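Observations on the three-dimensional arrangement
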Amino acid sequence: MRRVLYILLLVVMVACGRAPMGGYRQCPSLPPMFPDYADITIPCNIAPLNFEIDSVESIEVLIKGEQDWLFESRGSTMHFNERKWRKMLSEECGNELLIHVTTLRNSEHCGWRSFTWTVSEDRIDPYLSYRQIEPAYEVWNELRIVERNVEKFDERLLGDNISTDNSCMNCHTSNRAEQPANFMHVRGKRGGTIYSFNGKMRKINTATDRTSGSAVYGEIERSGRYGIFTTADIVPILHLDANERMEVYDRSSDLIVIDFEEGTVSDNAAISGAVYQETFPAFSADGRTIYFCRAVSRPQPDSITNMMYSLCAIDFDPQTGRLGSEVRTVIDAESVGRSFSFPKCSPDGRWLMVTVSDYGTFPIWHSETDLWLVDLQSGAIDTLAEVNGRYSDSYHSWSSTSRWVVFASKRDDRVYGRPYFAHVDSLGQVSRPFVLPQRDPTIYRTTLKSMNIPELYPHSEIYDARALRRVYFDKEAEKFEYKENN
Amino acid sequence: MAAGWCWFAFGVPYTLYTKEQLVLFVADMAAVSEYLGRPALIASILGDYLTQFYLLIGGAATILTLFMLLLWCGARRVLRGFGASPLAATAWALLPVATEVALNGYLEYPLSMTIASVMAVWTLAAWMCLREGAVKYIVAFMLAAVIYWLAGAHVAIFALGAALWMWREQHRVLGVLMLAVSAVVVAIIGVAFYLPISQAYCYPLIENYMLQNCYVFLATEAAFVVAIVAARSRAWLGALATVVVAVVGVLTIADRTQEYWLGMSCEAYFNRYDRVMERAEENWEHKSYVASYYTNLALAMRGELGEHLTDYYQPLTYGLLLDVDEKSGYCYAMAAADATVAIGDMAEAQRATLLAMTFTPHQRSSRVAKKIVDIAIVVGNRELAEKFLWQLERTAMHKRWAAKRRELLAVGSKVIDAEREKLVKEDGFVGANNWYPALYALVEANGENRMAVDYLLSMHLLRKDRERFVTDYERYFYPNWGSVPPKVYQQALMMSFDNERELNMAIERYHISPEVQRECVEYSRIYVKAQGRGEVLQQRFGRTYWFYCNYAQME
């Protein structure tokens with residue numbers, strides 16, 4: 001009887017074990033993994049690059065560095081063991097890893113062509129905020145501002161418009177300083193600019209009688225005292241061509257300087273007025289220059305395709321908050337035949353990344369939109385041909401180390417934006433980008449939300465969606481006063 | 001139960017079909033894990049999964065009736081626990097069932113709510129079986145939290161039932177505490193899920209949608225409490241109360257006009273335009289924009305828009321192409337893309353579909369997903385088509401459709417090529433819902449696009465802009481199809497020339513039929529004789545363009 005039981009047990013064990021190897025085939029192509037993580041540079045503190053290979057029964061990943069690292073996963077998704085992954089990254093930091101992927105399908109093992117991961121010693125800022133929003137033209141329903149820890153898969157909500165009267169919220173931006181100052185705009189009846197600094201959260205009404213509307217795009221300089229913002233009268237219109245979709249133009253746009261300490265909003269003739277439209281301001285690393293985009297004002301929408309925004313600059317004194325009086329053109333839009341948006345300086349002051357499109361000021365729906373990298377020392381421009389995707393690569397943000405950028409890209413399907421990371425080395429070489437890793441990468445196939453306005457920063461935001469809700473409903477917005485800036 | 005089945009199958013079938021269109025249940029862990037971000041976890045997952053089968057004929061009626069049966073069994077068991085006789089329990093248990101039957105007539109009352117009520121009632125029944133003692137009461141408080149997390153707002157059924165039980169057992173303070181704690185628990189869990197308090201108390205019903213007062217679901221709770229309190233009375237009273245509630249509920253909730261235009265929308269979605277036309281005549285009674293819109297679309301697809309435009313109710317231009325914005329609602333937005341796709345205005349169609357997807361209660365819709373795929377295939381956005389095909393392939397009811405489209409995507413077809421021929425060739429800018437630029441761009445891009453030409457001319461006619469009609473008729477219609485002018489176009493042409501010489505020339509050039517000429521003369525004669533009184537003309541000429549032009553105005 002006992003012998004029969006042993007035999008039965010053996011049969012069960014064999015039956016429950018792995019499927020026997022029916023054969024092995026070497027495939028000459030790269031594994032059809034989703035997302036595509038082949039031949040990329042990754043930070044040594046990134047979350048596991050889980051990926052999916054459709055219709056396979058199991059996946060085996062052998063990573064060859066100084067040591068061999070073997071990861072296995074049942075099913076069609078490769079879920080790396082997080083602890084082992086972190087150990088691997090820390091021990092292989094600075095190495096180039098060779099990745100061998102083997103899959104099992106219909107009792108046949110398939111070994112795919114190997115690819116590489118270069119583990120950079122440059123750490124990426126651990127926090128990434130982005131906005132989850134339906135890609136639905138001029139309107140929205142549910143949107144959230146999410147803070148993701150890119151070293152893990154943890155997420156928390158910084159804002160959820162279901163709890164703030166369905167108001168629009170946008171532009172969560174950090175100055176990435178040791179003592180960080182962040183802002184985000186929440187629209188709606190009780191909205192305002194949410195400014196967090198020194199552990200405090202403030203709600204500010206930045207609209208004044210002398211300036212045109214509330215603050216929109218902008219940045220805060222390193223000390224946290226001054227911010228430079230656009231104020232704009234924004235109009236959405238549609239394209240007749242189905243592949244172009246939507247256009248947004250500014251009826252008017254100016255820049256304003258906000259002094260968060262003094263509670264004032266100021267401007268001067270160089271950055272306001274009807275002759276030019278100014279937008280997308282950004283501080284240089286030392287805070288002494290403000291870069292922005294500027295176009296000669298023309299009647300719109302008739303002349304919208306002639307609206308070419310040049311990259312310009314104006315002096316700024318971070319001690320006094322005073323602007324210079326003269327605007328310099330850094331790159332003339334007409335000379336390069338492209339319109340500039342979203343200039344962002346690397347924190348080390350060496351580089352400026354900027355978005356370029358054929359015309360106008362709303363590159364997000366322009367499929368031709370690309371990123372360019374400007375060397376602020378030599379003035380050389382890199383058009384980043386290896387980095388840019390087929391469709392819109394637009395809003396971007398630097399890591400505080402200046403070695404990583406994150407940008408919103410619609411390269412996957414032309415409609416839904418995703419955060420992509422790329423490494424920038426000391427010579428300005430930008431690596432092949434990769435999408436934000438997810439615990440379950442299939443989320444990119446199932447989600448119907450765009451993830452836009454990605455922003456990297458080193459310190460977690462001080463508030464969450466509940467605190468934001470309290471501030472939205474319970475706190476009156478501080479009213480800032482206008483002040484001449486001459 | 002049979003009455004309930006019949007009500008679902010024959011009373012509100014299109015409302016229930018539409019509920020299926022408002023769900024896109026993707027059988028994938030990543031998609032299902034999104035449910036973890038909200039309460040009512042099990043009820044929502046199960047509800048959305050089963051709602052897929054509403055697409056089957058009788059599917060919704062059968063599924064709902066089964067849940068009604070479960071609800072009745074659970075309620076009966078609870079009432080028996082409260083001491084009702086078998087007969088009285090049988091009759092009074094029908095009362096909450098009647099309210100749930102009626103509530104399911106609301107477009108935005110999801111199956112998950114009914115499932116939640118079943119879960120709450122059966123949990124209560126099970127809880128009542130526990131032995132009396134402190135543990136039982138502690139468990140009740142814990143269950144309130146668990147039920148809300150798993151089932152949602154109908155936890156109130158459990159809380160009220162448990163409170164009444166405690167009251168009956170002379171633990172009156174505990175009963176009151178049960179209600180208070182349940183209310184607080186819902187608020188706490190709701191806040192934990194980032195829901196506003198008002199939304200937390202009615203989830204998975206969504207606030208601020210067509211269902212004006214989402215707390216209407218408490219009717220089931222009220223019926224349940226009445227049933228418990230009255231269950232010791234005569235059984236016939238319970239039966240009578242059930243009939244009254246069912247009749248009043250159904251009459252209050254059933255919206256015949258909505259059911260009518262949802263029917264037009266659904267039949268168009270099922271590509272049964274012959275049925276759309278069969279129901280078109282009824283719109284003189286309902287006066288629905290959507291019904292006019294689908295009637296016009298069905299006519300245009302047959303090439304008969306110019307022939308029969310004024311044979312049907314026309315709310316000026318509002319029934320020709322549907323204006324869509326954030327206030328128009330998802331039903332309009334879902335419908336709006338049908339005509340724009342048919343005429344080739346893919347830019348506007350994309351906008352309408354994305355708005356529709358955005359404004360459905362859970363920002364997911366199988367109908368919209370399919371429309372996005374069709375549009376993406378035509379405009380050549382393969383990646384977007386593949387994204388939605390991937391999702392549709394993981395649904396229970398649309399995977400075959402998706403497989404066919406994937407095949408189409410791979411090999412292409414002459415139909416797709418023909419659709420691409422319609423696309424606008426030259427880009428331009430246009431405000432939302434400004435139809436003229438798009439229509440002109442379409443007819444300029446492809447003069448053979450008869451539907452676009454018909455829509456352009458009909459837009460002029462419904463706006464009573466006869467000057468532009470004649471110009472565009474001459475330019476876009478006459479060269480290709482002028483030898484056989486449709487009736488309404490003939491009527492409009494007859495009306496558009498003032499002097500006799502021009503009119504005679506027009507009659508000859510545009511081949512105006514002798515019948516239309518005779519009718520026109522007769523119309524003018526009666527019009528003059530009646531001194532413009534429309535009622536005299538309505539009987540005979542109410543469906544002519546002349547009558548529309550002279551008398552149509554928005555009510």
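Small disclaimer: the values here were computed from a predicted structure and weren't measured. (Residues numbered from 1 in each chain as written. Chains lettered and ligands numbered in written order. Predicted model: local features only at pLDDT ≥ 70, side-chain atom pairs only at ≥ 80, totals over all residues. Heavy atoms only, no water.)

1. Some remarks on the packing of helix α22 (residues 366–379) of chain B against helix α23 (residues 382–392) of chain B
Residue and element names in this part refer to chain B. Close contact between α22 and α23 brings their axes to 8 Å; oriented N to C, the two are set at 145°. The two elements α22 and α23 meet at a crossing, and its hand is left-handed. Residues Ser 366, Ala 369, Lys 370, Ile 372, Val 373, Ala 376 and Ile 377 of α22 lie in contact with α23, whose contacting residues are Leu 384, Ala 385, Phe 388, Leu 389 and Leu 392. Tallied by class, the residues present in the contact of α22 with α23 amount to 10 nonpolar, 1 polar and 1 charged. (Axes fitted to C-alpha atoms, helices over the stretch in contact; angles between N-to-C directions. Helix = DSSP H or I, 4+ residues; strand = E, 2+ residues; numbered from the N terminus. Left-handed = near helix turned anticlockwise from the far one by under 90°. Contact = heavy atoms within 4.5 Å. Nonpolar A, V, L, I, M, F, W, Y, C, P; charged D, E, K, R; others polar.)

2. Re the state of the cysteines
Residue and element names in this part refer to chain A. In this structure the tally under the stated criterion is 1 disulfide over all chains. Disulfide pairing is shown between Cys 27 and Cys 110; the S-S distance is 2.1 Å. On the criterion of sequence distance, the pair formed by Cys 27 in the loop between β1 (23–26) and β2 (33–34) and Cys 110 in strand β9 (residues 108–111) is long-range, its members being 83 residues apart. The class of Cys 27 is buried, set by a relative accessible area of 4%. Cys 168 takes part in no disulfide bond, and the closest cysteine sulfur, belonging to Cys 171, lies 8.5 Å away. You can see Cys 345 has no disulfide; the closest cysteine sulfur is in Cys 293, sitting 11 Å from it. (Disulfide = S-S within 2.5 Å. Buried < 20%, exposed > 50% of the residue type's maximum accessible area, 1.4 Å probe, protein only.)

3. So, the domain arrangement of chain A
Residue and element names in this part refer to chain A. You can read the domains of chain A as domain 1 (23–120) and domain 2 (127–479). Look at where the C-alpha atoms of domain 1 and domain 2 centre, and you get two points 34 Å apart. Each side of the interface is counted separately: domain 1 has 23 residues, and domain 2 has 21 residues. Here domain 1 and domain 2 share an interface that buries about 1,800 Å² over both sides, 58% of which is from carbon and sulfur atoms. Summed over the three residues of domain 1 that lose the most area to domain 2, namely Phe 34, Thr 41 and Ala 47, the buried surface amounts to 24% of that side. For the interface between domain 1 and domain 2, the tally reads 3 salt bridges. Note that Arg 445 is salt-bridged to Glu 52, the shortest N-O span being 3.0 Å. Elements that contribute at least two residues to the side of domain 1 that touches domain 2 include exactly β3 (40–43), β4 (51–53) and α2 (82–91). In terms of residue count, the dominant contributor to the side of domain 1 that touches domain 2 is β3 (4 residues). In terms of residue class, the side of domain 1 that touches domain 2 is made up of 12 nonpolar, 6 polar and 5 charged. (Domains from an automatic or database assignment. Buried area = accessible area lost by both parts, 1.4 Å probe. Salt bridge = Lys/Arg side-chain N within 4 Å of Asp/Glu carboxyl O.)

4. Considerations on the pairing of strand β24 (residues 310–317) of chain A
Residues and elements named next belong to chain A. β24 sits mainly inside the fold: 6 of its 8 residues count as buried. Here strand β23 (residues 289–296) pairs with β24 via 6 bridges, running antiparallel. Of the residues in β24, the one forming a bridge with Cys 293 is Leu 311. Strand direction decides the pairing type here: β24 and strand β25 (residues 322–331), joined by 6 bridges, are antiparallel. When the bridges of β25 are listed, Ile 314 appears paired with Val 327. What sits between the antiparallel neighbours β24 and β25 is a turn of 4 residues, in which Gly 321 has the positive phi angle 80°. (Pairing = 2+ DSSP bridges.)

5. With respect to the sheet that holds strand β29 (residues 381–382) of chain A
Residue and element names in this part refer to chain A. Ordered by their spatial adjacency, 4 strands build an open sheet running β26-β27-β28-β29, and the pairing between neighbours is antiparallel. Strand pairing shows two members of the sheet lacking a second neighbour, β26 (339–345) and β29, which therefore form its edges. With 2 bridges joining them, strand β28 (residues 370–375) and β29 adopt antiparallel strand pairing. Bridge pairing in β29 links Leu 373 to Asp 382.

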